[in-house]
Structure formats: structure tokens, C-alpha cells
Amino acid sequence: MNEVSLTVSTLVALVGGIGIGALLMYLLSKSQIQTMARDYEVKARQQSELQLKEIQTLKDQQHLAIQQLQSSHHEAQIKTKAEAESQFKGQLADLKNSELSVSVYPFVNTQKEDSLLSKQTRVELGYKYQLFVKGLPCFVPHVEIVETFTQKEVNQETITVLREKAEKLAEAALLVNSGSNSGLVQVARATIGSILKK
């Protein structure tokens, strides 16, 4: 019996030791998992902050690039304007110094005519030239028309209103002239309807 109690007590001690070991392993692994979770959270937060900084840096670089483009565009506009002014001043000086010169300009003339039934737009394209002697204009500038375009639009609403009024007036005239003869009115209506459909 002594052997059996020794074996049972050994077994209880062993099982108790295994339970404590397992408990210690569980607590140790739980602590490691919590530590790993905290480490992962810290790394994720650091990575997120790093990405935000990179995004802000890219935004700043983009904003700077836009400002540089706007600045260079503005400078190019100023340079182009200065070049055009310089060229114009040079041409003007040449005109003043030369005996005879001719200035040529594009010419566009637009005329609009509105009537009760239609609208018409006429566009004349060409050039205008002027003779100068020692920089002073001579004679009247001459206009040379190269092309002419005409566009005509019919006012459909006005035509419809006028047609309706003409129909009513024709019917009224027939009624006045025919008296009580309704057969003549019906024939006249049919005739007016066929004429208006054409």
C-alpha cells in the first residue's frame, strides 16, 4: 500500500507540476501575446504617422511645383508681352523713318438684320491697308473683302402665329360673305387647310 500511495502522490505531484507548468506557460504566452499586440500597435501607429508625413511632403512638393509652374507661366507671359511691345515699337520706328510704308490689318464686318419673319447675319472677312509717308497716314484706309458669309434664320413662331390669324380672318370673311350657307364655309375651310399644308 505504501507503493500505491507513493505512486498516487507522485502522480498528483506530477499532474500538479504539469498544471502549474501549463499555467505558467499560458500566463507567459498571454503576456507575450499582449506584448506582441502592443508592439504591433506601436509599429502600426508609427507606420501610419510616417505615411501621413510622406503624404504631407508630397502635397507640399505638389503645391511648390504648381507655384513654380504658375510663376514660370506668368514670367513667360510678361516676356512674350515685352517682346511683342518691343517688336511693335521697332516697326513703328521703322515706319517713322521710312519714306513710304503700308500697314495691313485684318478686317471683319458683321451686320445683323432682324425682321418680323427672319433674322439675317452677314459677315465680311478681309483686310484693311493704309499708306503712310514718313509715319503719317495718307488717304483713306482701303478695305479689301475676301469672303462674305450670310446666315438666315426663319422665325417659325411668328410664321405660325400669322398663319393662325390668317386662317381665323379667312373663316370670318367667309362667314360674313356667305351668310347662312354653311356648305360654302366647309369647302373654304378644306381649301384653306390644303393650301396651308403645302
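Look a little higher up for the structure.
The rules we used
- Residues numbered from 1 in each chain as written.
- Predicted model: local features only at pLDDT ≥ 70, side-chain atom pairs only at ≥ 80, totals over all residues.
- Heavy atoms only, no water.
- Pairing = 2+ DSSP bridges.
- Helix = DSSP H or I, 4+ residues; strand = E, 2+ residues; numbered from the N terminus.
- Axes fitted to C-alpha atoms, helices over the stretch in contact; angles between N-to-C directions.
- Patch = residues over 30% accessible without salt bridge, like charges linked within 9 Å, V, L, I, M, F, W, Y side chains within 5 Å.
- Areas by Shrake-Rupley, 256 points an atom, 1.4 Å probe, with all protein chains shown as cover.
- Salt bridge = Lys/Arg side-chain N within 4 Å of Asp/Glu carboxyl O.
- Buried < 20%, exposed > 50% of the residue type's maximum accessible area, 1.4 Å probe, protein only.

Peer 1: Describe in detail the sheet that holds strand β2 (residues 118–133), supporting the description with residues and values.
Peer 2: In spatial order, the strands read β1-β2-β3; together these three strands make up an open sheet with antiparallel pairing. In this open sheet, the two strands that pair with only one neighbour each are β1 (100–114) and β3 (136–154). Between one strand axis and the next, the sheet turns by 15 degrees as a mean value, whatever way the strands run. Sheet topology note: the β1/β2 ladder contains 15 bridges and is antiparallel. Of the residues in β2, the one forming a bridge with lysine 112 is threonine 121.

Peer 1: Break down the pairing of β2 for me, citing the residues and quoting the values.
Peer 2: Adjacent in sequence and paired antiparallel, β1 and β2 are bridged by three residues. By the bridge criterion, 15 bridges tie β2 to β3 in an arrangement that is antiparallel. The residue of β3 that forms the bridge with lysine 128 is valine 143. Turn length for the β2-β3 hairpin, with the two strands adjacent in sequence and antiparallel, is two residues, and the turn residue lysine 134 shows positive phi of about 50 degrees.

Peer 1: Which residues make up a nonpolar patch on the surface, and what values do they have?
Peer 2: Residues Val102, Val104, Tyr127, Tyr129 and Val146 make up a contiguous nonpolar surface patch of roughly 450 Å² in combined accessible area. Sorting the residues of the nonpolar patch by element identifies β1 and β2 as the ones contributing at least two each. Looking at where tyrosine 129 falls in the secondary structure, it is placed in strand β2. Residue classification places tyrosine 129 among the partly exposed residues on the basis of a relative accessible area of 33%.

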